[in-house]
Structures are given as structure tokens and as C-alpha cells.
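Chain residues, written in single-letter form:
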Amino acid sequence: MSEILVYIQIVDGGAGDVSLQALACARSLADSTGGSVTALALGYDIGASVADLVELGADRLLVAEDDRLSHYLTGPYKRVVRSVLDANRFDVVLFPATTEGNDLAPLLAAELGCGCVVGCDAVHVKEGKTLFRRTEFDRKVHTDYEVTVGPAIATLRDGIADIPALGERRGEAQSIAVDLGPADTRAQVVNRDVVPKTVNLKASRVIVAAGAGVGGPDGFALVKDLAEALDAQMGATRAVVDAGWLPADHQIGQTGVTVRPDLYIACGISGAVQHWVGMSDSKTIVAINTDKNAPMMKRAHYRIEADLKTVIPKMIKALSA
Amino acid sequence: MSVHAVVIAREMWDTRDLVGPVLDANGAVKPGAVSTRFEPQDLNALESALRIKEMVGGKVTALSFNAIGDVDVLKECLYRGADEAIRIGANPIDLDTAAAATLAAAAIRRLGDVNLVLVGWTAAEGESSVLGSCLAGLLGMEQISFVDRIVEAGDEFVIGRRAIEMGEEDIRVDLPALLSLGVALIEDDPRAPRPAKAMLKLKHKKTEIPVWSPADLGVPDPASNATTVVAAMESVPERVIESTAVDPEDESGLKAMLERVLKGE
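What this report covers is the structure whose coordinates are included nearby. Here the structure is a predicted model, which means the values were calculated and not measured.

1. Thoughts on the overall build of chain A
Point 1. Helix and strand counts for chain A come out as 8 helices and 18 strands.
Point 2. Whereas a compact globule of 321 residues would reach a radius of gyration of roughly 20 Å, chain A reaches 22 Å, a difference of no more than 12%.
Point 3. C-alpha atoms of chain A, sized along the principal axes, occupy 65 × 45 × 40 Å.
Point 4. Sequence-distant contacts in chain A: of pairs separated by 6 or more residues, those separated by 24 or more amount to 65%.

Quick look at the structure:
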């Protein structure tokens, strides 16, 4: 029997997608082992936005609200989650494998002296043991880890489970006290530059993405023209977002979103693992690059070794013909 | 207070462009199937520590484990500007993250005056957890994770910039603190990481790197601190992609390719 805690990350005022997937994974695990699921959400003025977590799979919902929790910061968040772990017995604690989850989970594990596996693609039970699966060695090897000192803490990657429809489940919701001391708030955010979400790349069937290889505004404008000609959404690597050509919600990869479109056209993208993990499940990949040895060119279904400034106008012409 | 920074420098599997199966018939990593390299995130940690030293003075100590391949990361640290290097006499392949962190924390405590620790956030592949967070927990240090670059540093504080899901943020921590770093600095800044210097290679040609055994560190059986075990490893069925080269000069070929991919073929 597994008592499971799921940490719910608040994104844009509501429960984040990867957290909801982790909740679905926990529900499935609890149903197969006869345990229960507790969801834990931290933030400020979030009560209404997380009220449906019970219907989405939790047996119990814990909510910690305080204005000092309005933005994520390691110290205060760690203190609150730690207090919940100290006051309850959990066998498994699941976090989303996001910046926030990957920051908190191993730190808590170190403090508690228990085991932690980050970036898991699957959780399964074998011969009574809960195993956490990571994909390693350039995504060539599946490694199953068993945590030998519990509670087992893990972070789960985007795509681990489907988010269920709202159900009829009933459960208990309760507020928990937030008790923070000066030691918990020693670190300070001195600058935060975050943009509101304007695009849903996950729902896009066709994505045209730009990387540093577009070279500058002229190259980027061409990629944008191709996206418009295909009625596609635009994606980007982090270098393009850092250059200010697209807002952060277009970023695909480790610190962006994970997408699985029918068609992904990678323009000037080398294919570093930080980007690849966010789009490797695309059904068809087309790569345009001057470097035939770029990893993306080796992994694409169609590879066009060319300067995008010469080939994209031809592609747009072909589409309009 | 001056800064004494410790950089954890790891020799890790080089998982780029692996060709052929990685595992043998028993599910173990095949000898010779994977080479090693200086973990890129740890290179960023070294570069960041050296930049902090240039800003505020102080000292940089590199810390590593026994070699697993042909890359001597500690000599590399000395050649790039680290002041001293210490090897922990344990094989990292035999240790999970918790066990490795226990040894590294003991070594940092033994150094005595360390007020800043820098380490790559995680090895790119092939590691089950994150050493930096484990170390921060064991040492009781404030941490900033996923740091890409140092914005500002003083004798008693550091401001690190990190990417978050919808943007970036700058976080200030007072020392002592631990920073775990990503790879953006060395990918974006052509001056980073700094190369080895010929003068330093000459200077350290005969430098003997001290080895501290687990017993020296008061951790005679480091594997006993493990909190995870590998239950199984298996090869992922290879995703066979029939990659087709498209001639960029052939407009009809481009058109045909676009028609195929838009139909989902």
C-alpha cells in the first residue's frame, strides 16, 4: 500500500500541466497498490484555482497560502513541504520535473536522508517494489531505480500520464499553517522577468521552430513567414528567446515546453539535448541547417542542408503554388 | 571575509552521438562503448568560480573523485586557473548521488573555510539525481539551482541568474551558499570556458594532487550511505528513422516533400 504525496506547482494561477500528470500517475499507482493520494499546493490566493484537484485524482488536498509564497523561492517552499512531510507518513512523494520540482525534491531528500530520482519517464510496480524509470545515455537506455531509503522522492517528466477529465471523486480539503522564520527567507529574488502565457504549443499540430542558426532578424523573419504559410505555431530554442525574438512561452525544451506535433520543422537548430528532449516525440521532423553534422540533421526524417535564406523562400513559393 | 570556492569537477560519460548498443547482453554498460569527458556543467561551475575570484579575490579549490576514464579533470582545473586540487579516493561509479555527496561534504568540511560551492546541476545523462542539492542539504547551505551566469558577487554574497519556465530571475544569496549550474554560459559566451594556459601547464607539470581516502574523511564505507539502487537497465528499442536528404535546389522536390509531410507521410 502506498501513501502518496503529489506536489502541485502553481503556473499562471492554477495547477500546472505536469503536476496534473503527476497526480494522474499517483492515482494510478495508489489504485494498483491500495493506497491514497494527497495533493499539496503552495501559493497565495490560490484556493479556488486548485479546488478541483480532488476531482482530478486526489483523496485529500492540502493548501498552504501566504503572501510570502506568492512566488517560488527555495527556502520558504522547502520549509512548508518539509513540515508536511514531518507531520505525515508518505511512502512516495512526487514532484513535476520542472525547475521548481527539480530544485525542491533532491534538497528535501538530502535533508531527510532518503532517496531521490529526478526526471523520471515512468513509475511502475514490479514484484511489490516501486521502480522509477529514467531514460539515459542519449536516450538509448532505460534505467529503473529503486529507492532503498524512504520516502521515495521523484520528479516526473512532462508526458508521464494523461490528465483525466473531471470526475465525481469526493475528498477532503484543508488549509495548513505556514510557519516561516528568518532563516527560511535569506535568499531574495532581486529581479524576475516572466512573461504571461500567450500560446499553447502543446496543442499545435504543426510547429516551425527557430534556433540560433537563423543568424539574425532577417533569418528569423523568414522562419516566421514559413510558419504563417503553413498556418503553424512558432517554437524556439532558448537562444532565440534570450535574443528577444520570441517570448519565453514559445521556448521548447528542458526549460520550456515539451511538444509532440505531427510536423516539426527545425530551422537553424543544432539539436542539443536541452532542446531535443522537448520535441523528440514529434511524428515527423524536418531539419534545415548548413551543418550536415548537426545532431538534428542526423535525427530528422527529412534533412535539407542549406542556408535557410535560400531554401525557405522556395518552400513558401511551393506552398502558395 | 574572502571567498573560498570549491568546484566539484566530474569526469562523466560522454553521451553525445552514441553509436551502437550501450549495454551488453546482461544489461551492463559495455566496456569501451562510452568515452568520458569533463562534465560541461561542471566546466561552467569552474568558469563561474574563476570569474568570482577575479571579481572579489579569494581562492578556488577543485574537488573530484577517482578517474573513470582518460580525462584528468583535476589537472584540467589547475591548467585553467584553480589554485589547488584534491582527489577523493573513491570510484564514483560505485556510488549513488547520496553516497557521493556524503564524501564530498566531508571533504568540504575538512577544508574548513569554504563559503561557496559550485557544481553542475546534474550530469547530462546517466545520473539518477542531483549532487548539488544533496550537498546543499548535507552542508546546510542556501542554494541557487540552474544558475546560468553570475550577475554580481561580493565578499559576502552572490547574485546568480537562472532560467525558469517562462523567463528568468536573479537571486541573491548570502554566503555560505551553493550554486548548481547549467550549461548556458559556456554555450552562449565564446570566451567561456577559458582554455588551459601553457604557463599553468608548466607550473603544474609535476604537481602531485593529494588523495583523501574515504577513511581520511571519516566515511570508511561510503556505499552504506546509498539511498537508491539500479534495479535494471535495458536498451531502448532504437527509433529507426529513414532520413531522406532533400535537394535545396530542387523546387519540385521541396514541394513534394512538403506535400508528404503535411499529409502525415
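2. Re unusual backbone geometry
Point 1. Omega for the bond connecting A:G150 with A:P151 falls within 30 degrees of zero, at 0 degrees, which places this linkage in the cis form.
Point 2. Position of A:P151 relative to the elements: it lies in the loop between β10 (141-147) and β11 (152-156).
Point 3. Cis geometry marks the peptide bond from B:L175 to B:P176; its omega dihedral reads 5 degrees.
Point 4. By the element assignment, B:P176 lies in the loop between β9 (167-174) and β10 (177-181).
Point 5. Even without glycine at this site, A:D12 takes up a positive phi of about 50 degrees.

3. What to know about the packing of helix α8 (residues 308-320) of chain A against helix α7 (residues 251-262) of chain B
Point 1. At a minimum axis separation of 9 Å, α8(A) and α7(B) run at an interaxial angle of 65 degrees. Handedness of the α8(A)/α7(B) crossing: right-handed. Between α8(A), through A:K314, A:M315, A:A318 and A:L319, and α7(B), the contact on the second element is made entirely by B:E251, B:L254, B:K255 and B:L258.

4. Here's the deal with the packing of helix α3 (residues 99-112) of chain A against helix α4 (residues 131-139) of chain B
Point 1. Look at α3(A) against α4(B): their axes get within 8 Å of each other, and the N-to-C directions meet at 40 degrees. With respect to each other, α3(A) and α4(B) are oriented oblique. Where α3(A) crosses over α4(B), the handedness of that crossing is right-handed. Residues A:P106, A:L107, A:A110 and A:E111 of α3(A) lie in contact with α4(B), whose contacting residues are B:S133, B:C134, B:A136, B:G137 and B:L138.
Point 2. Per-class residue counts for the contact of α3(A) with α4(B) are 6 nonpolar, 2 polar and 1 charged.

5. With respect to the nonpolar core
Point 1. Counting 130 residues, the largest nonpolar core has A:V6, A:L94, B:V7, B:A104 and B:L135 as the members making the most contacts within it.
Point 2. Not counting residues up to four positions away in its chain, the partners in contact with B:A104 are B:I8, B:L63, B:I88 and B:L135.
Point 3. Ranked by size, the runner-up nonpolar core spans 51 residues in total, among them A:V223, A:I252, A:L263 and A:I312.

6. Looking at the interface of chain B and chain A
Point 1. Across the contact, 64 residues belong to chain B and 67 residues belong to chain A.
Point 2. Listed by contribution, the elements that provide at least two residues to the side of chain B that touches chain A are α3 (97-111), α4, β7 (142-153), β8 (157-164), β9, β12 (228-235), β13 (244-245) and α7 of chain B.
Point 3. Per-class residue counts for the side of chain B that touches chain A are 36 nonpolar, 15 polar and 13 charged.
Point 4. In terms of strand pairing, strand β18 (residues 302-305) of chain A meets β13(B) through 2 bridges, oriented parallel. Its bridge partner lying in β13(B), A:R303 is registered against B:A245.

7. Observations concerning α4(B)
Point 1. α4(B) sits mainly inside the fold: 9 of its 9 residues count as buried.
Point 2. When we look at burial in α4(B), the residues that qualify are B:L131, B:G132, B:S133, B:C134, B:L135, B:A136, B:G137, B:L138 and B:L139.
Point 3. Summarising the contacts, the buried residues of α4(B) are in contact with α3 of chain A together with β1 (4-8), α3, β6 (116-120), β7 and β10 of chain B.
Point 4. B:G140, located one to two residues past α4(B), shows a positive phi value of around 70 degrees.

8. What about the pairing of β9(B)?
Consecutive residues of a regular strand have side chains that alternate between opposite faces of the sheet.
Point 1. The pairing of strand β13 (residues 188-194) of chain A with β9(B) spans 6 bridges and is classified as antiparallel. Along β9(B), the bridge assignment pairs A:R192 with B:E169.
Point 2. The pairing of β8(B) with β9(B) spans 8 bridges and is antiparallel. Considered in β9(B), the bridge of B:I159 is made with B:R172.
Point 3. The hairpin formed by β8(B) and β9(B) contains 2 residues between the paired strands.

9. Observations concerning the sheet that holds β12(B)
Strand-to-strand pairing in sheets goes through backbone hydrogen bonds, with the strands running parallel or antiparallel.
Point 1. Read across the sheet, 4 strands follow the order β8(A)-β9(A)-β10(A)-β12(B) without closing on themselves; strand pairing throughout is antiparallel. Two strands lie at the open edges of the sheet, namely β8 (122-126) of chain A together with β12 of chain B, each paired on one side alone. Each neighbouring strand pair of the sheet contributes to a mean axis angle of 30 degrees, computed without reference to strand direction.
Point 2. By the bridge criterion, 6 bridges tie strand β9 (residues 129-136) of chain A to β10(A) in an arrangement that is antiparallel. Paired with A:L131 across the bridge in β10(A) is A:E146.

Rules and cut-offs
- Residues numbered from 1 in each chain as written.
- Chains lettered and ligands numbered in written order.
- Predicted model: local features only at pLDDT ≥ 70, side-chain atom pairs only at ≥ 80, totals over all residues.
- Helix = DSSP H or I, 4+ residues; strand = E, 2+ residues; numbered from the N terminus.
- Rg over C-alpha atoms; globule rule 2.2 N^0.38 Å.
- Contact = placed C-beta atoms within 7 Å.
- Axes fitted to C-alpha atoms, helices over the stretch in contact; angles between N-to-C directions.
- Left-handed = near helix turned anticlockwise from the far one by under 90°.
- Parallel < 35°, antiparallel > 145°, perpendicular 65-115°, else oblique.
- Nonpolar A, V, L, I, M, F, W, Y, C, P; charged D, E, K, R; others polar.
- Core = buried A, V, L, I, M, F, W, Y, C linked by C-beta atoms within 7 Å.
- Buried ≥ 20, exposed ≤ 12 C-beta atoms within 10 Å, placed from the backbone.
- Pairing = 2+ DSSP bridges.

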